[in-house]
Amino acid sequence: MGKGEKMGLGRALVKHHNQMIQQSKEKGIYYRSQRKKVLESVTEVNDIDAVIEQADEAHRLFSSINSPANLAINLDLGSSANSKVTVEERREQQKREEALHASSLRIPRRPPWNAKMSVAELDANEKRAFLEWRRSLARLEENEKLVLTPFEKNLDIWRQLWRVLERSDLLVMVVDARDPLFYRCPDLEAYAREIDEHKKTLLLINKADLLPFSVREKWAKYFHQNGILFLFWSAKAASAALEGKTSRLVSGVQNIQQEFSCGDAKVYGRDELLARLQSEAEDIVLLRNRTGSNSAGPSHIHSDNESLIGGASPLSVVVGFVGYPNVGKSSTINALVGEKRTGVTSTPGKTKHFQTLMISDKLTLCDCPGLVFPSFTSSRYHMIASGVLPIDRMTENREAVQVVANQVPRSVIEDVYKISLPKPKAHESQSRPPLAAELLRSYCASRGYVASSGLPDETRAARQILKDYIHGKLPHFEKPPGTSDHIDESEGAATTAISSEIDESDSSDDEDEPSMTEYESSLPESNIKHALDDLISYDMASELFPSKETTKKSSKAPHKEHRKPQRKKDRKWRVRDDGGDGMPIVRVFQKPVNAGQLNA
Ligand SMILES: Nc1nc2c(ncn2[C@@H]2O[C@H](COP(=O)(O)OP(=O)(O)OP(=O)(O)O)[C@@H](O)[C@H]2O)c(=O)[nH]1
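Note that the coordinates shown come from a computational prediction; the quantities given were computed from them, not determined experimentally.

What counts and how
- Residues numbered from 1 in each chain as written.
- Predicted model: local features only at pLDDT ≥ 70, side-chain atom pairs only at ≥ 80, totals over all residues.
- Heavy atoms only, no water.
- Helix = DSSP H or I, 4+ residues; strand = E, 2+ residues; numbered from the N terminus.
- Buried < 20%, exposed > 50% of the residue type's maximum accessible area, 1.4 Å probe, protein only.
- Contact = heavy atoms within 4.5 Å.
- Lys, Arg positive; Asp, Glu negative; His and termini not counted.
- Salt bridge = Lys/Arg side-chain N within 4 Å of Asp/Glu carboxyl O.
- Polar contact = N/O pair within 3.5 Å; in protein donor to acceptor, adjacent residues only side chain to side chain.
- Expected span 1.5 Å × (residues − 1).
- Axes fitted to C-alpha atoms, helices over the stretch in contact; angles between N-to-C directions.
- Parallel < 35°, antiparallel > 145°, perpendicular 65-115°, else oblique.
- Left-handed = near helix turned anticlockwise from the far one by under 90°.
- Nonpolar A, V, L, I, M, F, W, Y, C, P; charged D, E, K, R; others polar.
- Pairing = 2+ DSSP bridges.
- Phe/Tyr/Trp six-rings, centres within 6.5 Å; stacked < 30°, edge-to-face > 60°.
- Core = buried A, V, L, I, M, F, W, Y, C linked by side-chain atoms within 4.5 Å.
- Domains from an automatic or database assignment.

## A short note on the environment of Ala-238
- Locating Ala-238 in the fold gives a position in helix H9 (residues 235–242).
- Taking relative accessible area as the criterion, Ala-238 reaches 9% and is therefore assigned buried.
- Between the C-alpha atoms of Ala-238 and Arg-270, which are 32 residues apart in sequence, the distance is 5.9 Å.
- Excluding residues within four positions of it along the chain, Ala-238 makes contact with Trp-233 and Ala-335.

Below you can see the structure in the form of structure tokens.
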């Protein structure tokens, strides 16, 4: 290559670089001018964007009547001003306060609306109602005896939930089997009934593969006694079965199922779940039709839906999936649809926009982004250990690891990690859980984790331990209230056995936070091309409609990035209009496939 050519190449690169900068500047100006943002979950109260946005909205909407002081949020979620009380006393106080304020823990309601309202009017009403709601929770947060979950603070995410609630006949609340009550939001069930008295909520207890049968039985009894509609499910086992995988994980669950294939504690298979969802939702629609009430939100929602799916029969039903981040909604939908349709990662909060997916001309599923509901919690570290908040948000390694050490029996930790933890000193209770520092140091010593300072690399160890806890390698589960805390031998053994099945699929000692587990990435790319054709996605922001260029790029992107609806390949829709409620309506140009085809 001659000198001139080199100069030419250099100039071309500089020119290209400058063009890119110019383009991104213009894009930024465009988005700012449109006042549009990519939808992001906001759970941290000290998130600078949230604070600015709050201040901005407060100024715009209430400058004359509200002082900004009303928006004050307690930035310290975990601290207690009263340091003299013991941990147990504090927890007792906390429980009493929680009982006292339980009724104040509501999710935001969408203010009444109708199709005649302008988009601006709707928007202002929703923002006003949302700020009122934030204020009521801010008052609760000021109570130092209470610790609130870092609940979702982005109105746009709640708007997604409102739409899913309005559209769905049956609402499926996906929860993690290891602590179902923590992930259940009773107020959401109440809200669904407020929208339509016939709507029902089904608790889908996912990750049932991480729960021994005897514990599932106890939970089944509890849910029955409390009139809660529920069923056990394992999206992971169902997807593996669908892919024809004969992994030990699947056979492990199947063995359990075969042994206890009837009764409420059984783990549903994919076809059984689809049939059950369809029949529950059909019962709701039939009842609604019989009683002649059409209180399912504004009536045009359903008629729009029917036109979207190409003139579906009146018994076409919609099942909405909601839940906390990381409980397995996307995995569940993927298993039900029969193909990876929504991104699955171990990082919570990745599904940003709700999506509708047609299983058949009679059954449509609707996947809502995961959101943290306002609830009382013992600490924010519990939220990280539960997989609800990303591990990246962890600032205090030891506090989060202590949650793990308190939950997993000492002998199980030693067995799983093949380490020996320091025994409690003679003056200490011999049954006390290991201290986080003891666990972290033993783990670092066994793995040779040393930081640049020469000290044990506790950060690296903590991340790994938490990942193992979240993925189920370190087994743990809650029992129903009123059940003894004691884990009998069969339960301990069963959990360890199941967790060892999962060992195969979830990589351990893997410092990088992968977007997919090894198991997931090992699943072959689907060859069911037509299954994509029935994809209908609703996106709120118009920047989510990709140009040809980005569509081309995204179709080549590895599944790891295949997270947001705008990156789905082969999209066959076009924005039609705004339906009056501020949501673009989407028209599908392809006939949906039926369930039989999906099974092909
Ligand atoms: N053991 C086990 N793990 C599961 C199961 N279902 C999902 N997971 C894992 O849980 C993690 C989260 O799954 P997702 O399907 O992305 O969860 P999500 O609720 O859609 O998460 P968001 O996108 O944050 O709302 C992933 O690491 C999954 O592999 C299950 O049935 N068993």
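Having seen the structure, we can now continue with the description.
## So, the side chain of Asp-209
- Looking at the element boundaries, Asp-209 is found in the loop between strand E2 (200–206) and helix H8 (213–225).
- Put simply, Asp-209 is tucked away with no salt bridge, and the nearest opposite charge, on Lys-236, sits 6.4 Å away.
- Side-chain polar atoms of Asp-209 contact the side chain of Ser-234, separated by 2.7 Å.

## What about unusual backbone geometry?
- Although it is not a glycine, Lys-207 adopts a positive phi angle of roughly 65°.
- With respect to the helices and strands, the residue Lys-207 is situated in the loop between E2 and H8.
- If you check the backbone angles, Lys-418 has positive phi at about 55° while not being a glycine.
- Position of Lys-418 among the secondary structure elements: in the loop between helix H16 (410–417) and helix H17 (436–447).
- Residue Lys-418 is classed as exposed on the basis of its relative accessible area of 66%.

## Concerning H17
- Look at H17: 16 Å from first C-alpha to last across 12 residues, which is about the 16 Å you get at 1.5 Å a residue.
- Within H17, the full set of buried residues consists of Ala-436, Ala-437, Glu-438, Leu-439, Leu-440, Ser-442, Tyr-443 and Cys-444.
- In the stretch just after H17, Gly-448 is the one whose phi turns positive, near 70°.

## What about the packing of helix H15 (residues 397–407) against helix H18 (residues 458–471)?
- Following both chains from N to C, one finds H15 and H18 inclined at 40°, their axes separated by 10 Å at the closest point. On the basis of the axis angle, H15 is oblique to H18. Here the hand of the crossing between H15 and H18 comes out left-handed. Contact with H15, carried on its side by Asn-397, Arg-398, Ala-400, Val-401, Val-403, Val-404 and Gln-407, involves Glu-458, Thr-459, Ala-462, Ile-465, Leu-466 and Tyr-469 of H18 and no other residues of that element.
- Class assignment for the residues of the contact of H15 with H18 results in eight nonpolar, three polar and two charged.

## Comments concerning the side chain of Glu-438
- Within the secondary structure layout, Glu-438 lies in helix H17.
- In terms of polar contacts, Glu-438 uses its side chain to reach the side chain of Arg-432, at 3.0 Å.
- Residues in contact with Glu-438, not counting those within four places in the same chain, are Leu-421, Pro-422 and Arg-432.

## Considering the environment of Leu-455
- The topology assignment puts Leu-455 in the loop between H17 and H18.
- As a C-alpha pair, Leu-455 and Cys-444 span 11 residues in sequence and 9.5 Å in three-dimensional space.
- The residues touching Leu-455, leaving out its near neighbours within four places in the chain, are Tyr-449 and Val-450.

## Here we look at the packing of helix H4 (residues 119–141) against helix H5 (residues 155–167)
- Two elements in contact, H4 and H5, have axes separated by 11 Å at closest approach and are oriented at 105°. The angle between H4 and H5 places the two elements in the roughly perpendicular class. Here Asp-123, Glu-126, Lys-127, Phe-130 and Trp-133 of H4 come into contact with H5, specifically with Leu-155, Trp-158, Arg-159, Trp-162 and Arg-163.
- Residue classes in the contact of H4 with H5 are distributed as five nonpolar, no polar and five charged.

## Quick look at the environment of Pro-374
- Its place among the elements puts Pro-374 in the loop between strand E7 (363–367) and helix H14 (380–385).
- A sequence separation of 187 residues divides Pro-374 from Asp-187, and the C-alpha atoms of the two residues are 9.8 Å apart.

## Some thoughts on the pairing of strand E1 (residues 170–176)
- Of all seven residues that make up E1, seven are buried, and the element is covered over most of its length.
- Side chains Leu-170, Val-172, Val-174 and Asp-176 of E1 all project onto a buried face; the interleaved residues Leu-171, Met-173 and Val-175 project onto the opposite face, where all are buried too.
- With seven bridges connecting them, E1 and E2 associate as parallel partners. Counted as the bridge partner of Met-173 is Leu-203 from E2.

## Notes on the packing of aromatic side chains
- In the structure shown here, the tally under the stated rule is 15 aromatic pairs.
- Ring centres of Trp-158 and Phe-373 lie 6.0 Å apart, and the angle between their planes is 65°; this geometry places the pair in the edge-to-face category. On the criterion of sequence distance, the pair formed by Trp-158 in helix H5 and Phe-373 in the loop between E7 and H14 is long-range, its members being 215 residues apart. For the pair formed by Trp-158 and Phe-373, the shared burial category is buried.
- In this structure an aromatic cluster arises from ring pairing among Phe-130, Trp-133, Phe-151, Trp-158, Phe-182, Tyr-183, Tyr-324 and Phe-373.

## Considering the pattern of salt bridges
- Inspection of every chain in the model, using the stated rule, returns 22 salt bridges.
- Of the charged contacts in the structure, one is a salt bridge between Asp-176 and Lys-207, with a shortest N-O distance of 3.8 Å. Placement of Asp-176 in strand E1 and of Lys-207 in the loop between E2 and H8 is noted, with a sequence separation of 31 residues between them. For the pair formed by Asp-176 and Lys-207, the shared burial category is buried.
- Glu-458 is paired through a salt bridge with Arg-398; the nearest N and O atoms lie 2.9 Å apart. Linking Glu-458 in helix H18 with Arg-398 in helix H15, this pair joins segments that are 60 residues apart in sequence.
- Overall, the relative accessible area of 15% leaves Glu-458 in the buried class.
- Owing to a relative accessible area of 34%, Arg-398 belongs among the partly exposed residues under this scheme.

## Quick notes on the nonpolar core
- Residues Leu-161, Leu-188 and Phe-321 are the most contacted members of the largest nonpolar core, which totals 111 residues.
- Counting only domains with at least three residues in this core, you end up with domain 1 (157–244 + 263–291 + 314–367) and domain 2 (380–471).

## Looking at the pairing of strand E3 (residues 230–233)
- What you see with E3 is no split at all: Phe-230 and Phe-232 on one side and Leu-231 and Trp-233 on the other are buried throughout.
- In terms of strand pairing, E2 meets E3 through three bridges, oriented parallel. Across the sheet, residue Ile-205 finds its bridge partner in E3, namely Phe-232.
- Pairing of E3 with strand E4 (residues 267–268) involves two bridges; the strand directions are parallel. Of the residues in E4, the one forming a bridge with Trp-233 is Tyr-268.

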